[in-house]
Amino acid sequence: MSTEQPHILLIDDEKIALLNLTHVLEQEGYQVTACLDGESGLQAMQKTPFDLVLTDLRMPGIDGMEVLQHIKATTPDVPVVMITGHATLDSAVDAMKAGAYHYIAKPFRLDEARGVVRSALELRRIKRENRQLKERIEDLSSHASII
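Model, not experiment: these values are computed from the prediction.

1. Re the sheet that holds strand β3 (residues 52–56)
Item 1. Pairing within the open sheet is parallel, and its five strands lie in the order β2-β1-β3-β4-β5. What marks the edges here is a single partner per strand, and that holds for β2 (31–35) and β5 (102–105). When the angles between neighbouring strand axes are averaged without regard to direction, this sheet yields 20°.
Item 2. Across the sheet, helix α2 (residues 38–47) is in contact with β1 (7–11), β2 and β3; its angle to β1 comes to roughly 160°.

Listed below in structure tokens is the structure:
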């Protein structure tokens, strides 16, 4: 496994929540880019490859569902965790159907958030390894000649 720090994009329009979660994730050894809205989050994604995205569901302008849809269309291997203070069964089901990795309701326990982040990053690592192995196999089989 790479020793490089996983890079997490965190998008939340609540400044306090953004600062607290950024602090917690940095304490866990992750590199964090924090954005206060969906638009700046999507701009950050154009400049930087992220290993995981945590986004608030309800935000003014570009909301969490639009962020999720963009990520699934452009970088489908990147897991997205939805965070919301307005948790309903319908919004959770909609987010999961749209491809969210997980759904966390505010206020959440820090242990819960840490666990979800760890498992999402592990999924990302496995998907990346799987893709690299497939590419290697394709490369080897295209160079193989039948004798």
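Here the narrative resumes.
2. Regarding the confidence of the model for the protein chain
Reading fine detail from the predicted coordinates is not recommended where pLDDT is low.
Item 1. Mean pLDDT over the protein chain stands at 88; residues scoring 70 or higher make up 93%.
Item 2. At the low end of the mean pLDDT range in the protein chain sits helix α4 (residues 89–97), at 79; at the high end sits β2, at 97.

3. Here we look at the pattern of salt bridges
Item 1. Under the defined criterion, the tally for this structure stands at twelve salt bridges.
Item 2. Note that R124 and D51 form a salt bridge whose closest N and O atoms lie 3.8 Å from each other. Of this pair, R124 sits in helix α5 (residues 110–143) while D51 sits in the loop between α2 and β3, and the two are 73 residues apart along the sequence. By the burial criterion, R124 is buried, and D51 matches it.
Item 3. One network of salt bridges, with partners in common, ties together D12, E14, D56 and K106.

4. Thoughts on helix α1 (residues 15–27)
Item 1. Taking 1.5 Å of rise per residue, 13 residues should cover 18 Å, and α1 covers 18 Å from first to last C-alpha, within 8% of that figure.
Item 2. By the burial criterion, the buried members of α1 are L18, L21, T22, V24 and L25. Down the axis of α1, the sector holding all buried residues measures 165°, keeping them to one side. Residues of α1 that are exposed and point more than 90 degrees away from the buried face comprise K15, I16, L19 and Q27.
Item 3. For α1, the elements touching its buried residues are β1, β2, β3, β4 (80–84) and α5.
Item 4. Downstream of α1 by a residue or two, G29 has a phi angle that is positive, lying close to 95°.

5. Here we look at α2
Item 1. Those residues of α2 lying buried are G38, G41, L42, A44 and M45. In a view along the axis of α2, the buried residues occupy a sector of 155°, so they form one face of it. Facing away from the buried side of α2, by more than 90 degrees, are the exposed residues Q46 and K47.
Item 2. Elements in contact with the buried residues of α2: β1, β2, β3 and α3 (64–74).

6. Digging into the nonpolar core
Item 1. Membership of the largest hydrophobic core comes to 21 residues, with the highest contact counts inside it found for L9, I11, V53, I71 and M82.
Item 2. For this core, the secondary-structure elements that each account for two or more residues are β1, α2, α3, β4 and α4.
Item 3. If one sorts the elements of this core by residue count, α3 sits on top with four residues.
Item 4. Sequence-distant contacts of L9, defined by excluding residues within four places in its chain, comprise T33, C35, G41, A44, M45, F50, L52, V53 and L54.
Item 5. Among the nonpolar cores identified, the runner-up in size contains 17 residues, and L10, Y30, I83 and V116 belong to it.

Rules of the game
- Within each chain, residue numbers correspond to sequence positions counted from 1 in written order.
- Two thresholds apply to this predicted model, a pLDDT of at least 70 for residue-level local features and 80 or more for giving and counting side-chain atom pairs, whereas whole-chain, interface and lining totals are computed over all residues.
- Remark: hydrogens and water are excluded; side-chain values derive from all non-hydrogen atoms of the structure.
- Between any two strands, pairing holds if DSSP finds at least two bridges.
- The helix count covers DSSP runs of H or I at least four residues long, the strand count covers runs of E at least two residues long, and both are numbered beginning at the N terminus.
- To obtain an axis, a line is fitted to C-alpha atoms, over the contacting stretch when the element is a helix, and the angle between two such axes runs from 0 to 180 degrees between their N-to-C directions.
- Contacts were defined at the residue level, with two residues in contact if any of their heavy atoms lie within 4.5 Å.
- Scored from 0 to 100, pLDDT records how confident the predictor is in each individual residue.
- What makes a salt bridge here is a side-chain nitrogen of Lys or Arg within 4 Å of a carboxyl oxygen of Asp or Glu, nothing more.
- Throughout this description, buried means an accessible area under 20% of the type-specific maximum (1.4 Å probe, protein chains only), exposed means over 50%, and partly exposed covers the range between.
- Given a helix with a known number of residues, its expected span is that number minus one, times 1.5 Å.
- Each C-beta atom gives one direction from the helix axis, and the arc is the one those directions make.
- Each nonpolar core is a collection of buried residues, namely Ala, Val, Leu, Ile, Met, Phe, Trp, Tyr and Cys, held together in the definition by side-chain atoms within 4.5 Å.

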